[in-house]
Amino acid sequence: MSAILTARERMLGRLRAAAPAAPEAVDAIDTAIDQHYLARRAAAPLPARDRIAAMQAALRASHAQVDCVSVDTWPALLAQRLGDHGVRRLLLDTGSAEGRALRAALPPAVETLSFTRPLAQWKSELFDTVDAGFTIARSGIAATGTLVIAPDAATPRTVSLAPPLHVCLVYASTLHVDLHAAARAERWADGMPANLVLVSGPSKTSDIQQTLAYGAHGPRWLWVLIIDDLSAHEGGQP
């Protein structure tokens, strides 16, 4: 016991005797981080077209279904897939142009619902009868296949969390190379949304044997449509 105490005392003595290092200025840390990521992107550039492929590969590796489609064809394609999947009740924001376009393309068998009531008033209906939720991503991160979603009153976090199928639309022109590029390009430091959600695949968990199970804590399926609008944006985001 005395040997242990002596070793402990020696260690604590060295810690107490060490001169405290002056904290590095936040600006210097930010500059070092910027230089690191700028150098990495310069060494391995990822043009806008390549970001689509990287986004697709990362999402598929996370067990998501992902397709790149044109601005004009996605509503009909998605409507058909929803019908084939057996979706009967779809939660979406009809106040958005994308929501209206999808609703117009849906077959009569698919009912659309808007999130217009407080959750407490229809929680059982939402969790028991709604088959899918449709969201529009603020942007995407190609390196990790991450959807950046900013929930609002019309499309709260519940839309991408409660239904067993989450369908998300993201525009190719909003794809960033990595998280650092997204934070800088969108100026998160100047006012990041309080409820920014990052989604990289369907909900999954595993037991002690590391057997994956999908849908335990959220959507069992994630469908992503990357809308190819690059020609209208001259190559997309830098």
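Rules and cut-offs
- Residues numbered from 1 in each chain as written.
- Predicted model: local features only at pLDDT ≥ 70, side-chain atom pairs only at ≥ 80, totals over all residues.
- Heavy atoms only, no water.
- Pairing = 2+ DSSP bridges.
- Helix = DSSP H or I, 4+ residues; strand = E, 2+ residues; numbered from the N terminus.
- Axes fitted to C-alpha atoms, helices over the stretch in contact; angles between N-to-C directions.
- Contact = heavy atoms within 4.5 Å.
- Salt bridge = Lys/Arg side-chain N within 4 Å of Asp/Glu carboxyl O.
- Buried < 20%, exposed > 50% of the residue type's maximum accessible area, 1.4 Å probe, protein only.

Enquirer: I'd like to hear about the sheet that holds strand E4 (residues 132-136), residue by residue, with values.
Expert: What the six strands build is an open sheet, ordered E1-E12-E7-E4-E2-E3; its pairing is parallel. Of all the strands in the sheet, the pair left with one neighbour each is strand E1 (65-70) and strand E3 (111-113). The average angle at which neighbouring strand axes cross in this sheet is 25°, direction not considered. In this fold helix H4 (residues 74-85) packs onto E1, strand E2 (89-91), E4, strand E7 (165-171) and strand E12 (221-228), with an angle of close to 165° to the strand it touches most, E12.

Enquirer: Residue-level account of the sheet that holds strand E6 (residues 146-149), with values.
Expert: Strand order in the open sheet formed by four strands is E8-E5-E6-E9, and the pairing between neighbours is mixed. The open sheet has two edge strands with one neighbour each: strand E8 (175-176) and strand E9 (197-199). One ladder, built from two bridges, connects strand E5 (residues 139-141) with E8; its direction is parallel. Bridge assignment links Ile141 to a residue of E8, and that residue is His176.

Enquirer: Account for the pattern of salt bridges, naming residues and giving values.
Expert: This model, assessed by the stated rule, comprises 10 salt bridges. A salt bridge links Glu125 to Arg117; its shortest N-O distance comes to 3.2 Å. The class of Glu125 is partly exposed, set by a relative accessible area of 25%. Owing to a relative accessible area of 33%, Arg117 belongs among the partly exposed residues under this scheme. Connected via shared salt-bridge partners are Arg89, Glu111, Arg117 and Glu125.

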